[in-house]
Amino acid sequence: MWRKFEEYLGPDLPPDKVLAAEFETLRACGLSRQKQGYLRSLCELVVSGGVDFDALPPGDEEAIAQLILIKGIGRWSAEMFLMFRLHRPDVLPVGDLGILNAVTKVYGFRKKPTP
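As the structure is a computational prediction, the values presented were derived from the model and not from experiment. (Residues numbered from 1 in each chain as written. Predicted model: local features only at pLDDT ≥ 70, side-chain atom pairs only at ≥ 80, totals over all residues. Heavy atoms only, no water.)

Trainee: Any details on the overall build of the protein chain? Residues and values, ideally.
Mentor: Secondary structure assignment for the protein chain yields 7 helices and 0 strands. The order of helices and strands in the protein chain, counted from the N terminus, is α-α-α-α-α-α-α. Summarising its shape, the C-alpha atoms of the protein chain cover approximately 50 × 30 × 20 Å along the three principal directions. Pairs at least 24 apart in sequence give 31% of the contacts found in the protein chain among residues at least 6 apart. Summed over all atoms, the accessible surface of the protein chain reaches about 8,100 Å², with 57% contributed by carbon and sulfur. (Helix = DSSP H or I, 4+ residues; strand = E, 2+ residues; numbered from the N terminus. Contact = heavy atoms within 4.5 Å. Areas by Shrake-Rupley, 256 points an atom, 1.4 Å probe, with all protein chains shown as cover.)

Okay, structure coming up:
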């Protein structure tokens, strides 16, 4: 999906090009109607200046609180953004199913741990 999306839009994924894309074109890239709605909403915010990713607060929780105000962005997505785009080293997505399963298995817990 990502490869198709990037091939169509280019590696920089310009928001204005996303907004100009036809529904069926994005559908062919693998984006459902709901994902397209979230993506278009995000792109509109970027283009209008309604969100500035370079101006997020330095605190992780404060940045997450701002990001989850964006339609379609939940805590996990915000944490992934902080970790992989902003390279914040102290973010651990404790609600991530993969992490919960790994901790449960490695430590021999009978039930998944709470955060």
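Trainee: Let's hear about the environment of P93: which residues, and what values?
Mentor: Relative to the helices and strands, P93 is located in the loop between α6 (75-84) and α7 (97-106). The class for P93 is buried, based on a relative accessible area of 3%. Sequence separation between P93 and S41 is 52 residues, and the spatial gap between their C-alpha atoms is 25 Å. When near neighbours in sequence (up to four residues on either side) are disregarded, P93 contacts W76, E79, M80, M83 and I99. (Buried < 20%, exposed > 50% of the residue type's maximum accessible area, 1.4 Å probe, protein only.)

Trainee: Which residues make up the side chain of T104, and what values do they have?
Mentor: Mapping T104 onto the fold places it in helix α7. If we skip the residues at most four places from it in the chain, T104 touches F109, K111, K112 and P113.

Trainee: Mind laying out the environment of I64, listing which residues take part and the relevant values?
Mentor: Take I64: it is sitting in helix α5 (residues 60-67). By relative accessible area, I64 is classed as buried at 3%. Not counting chain neighbours up to four residues away, the residues in contact with I64 comprise R75, A78, E79 and L82.

Trainee: Give a detailed account of the packing of aromatic side chains, specifying residues and quantitative values.
Mentor: Overall, the coordinates contain 3 aromatic pairs when judged by the stated rule. Consider the rings of Y107 and F109, whose centres lie 5.9 Å apart with planes at 20°: the pair is stacked. The class for Y107 is exposed, based on a relative accessible area of 59%. Here K17 stacks its cationic end above the ring of Y8, 5.5 Å away from the centre of that ring. (Phe/Tyr/Trp six-rings, centres within 6.5 Å; stacked < 30°, edge-to-face > 60°. Lys NZ or Arg CZ within 6 Å of the ring centre and 35° of its normal.)

Trainee: Would you mind going over the pattern of salt bridges in detail, with residue names and values included?
Mentor: Tallied over the entire structure, the rule returns 4 salt bridges. Put simply, E7 and R3 hold a salt bridge, and the shortest N to O gap is 3.2 Å. Separated by 4 residues within a single helix, E7 and R3 lie in helix α1 (residues 2-9), roughly one turn from each other. When its relative accessible area of 53% is taken as the criterion, R3 is described as exposed. With a shortest N-O distance of 2.9 Å, R75 and E79 are connected by a salt bridge. Here the residue R75 and the residue E79 both occupy positions in helix α6, the gap between them amounting to 4 residues, near one helical turn. Residue R75 is classed as partly exposed on the basis of its relative accessible area of 39%. (Salt bridge = Lys/Arg side-chain N within 4 Å of Asp/Glu carboxyl O.)

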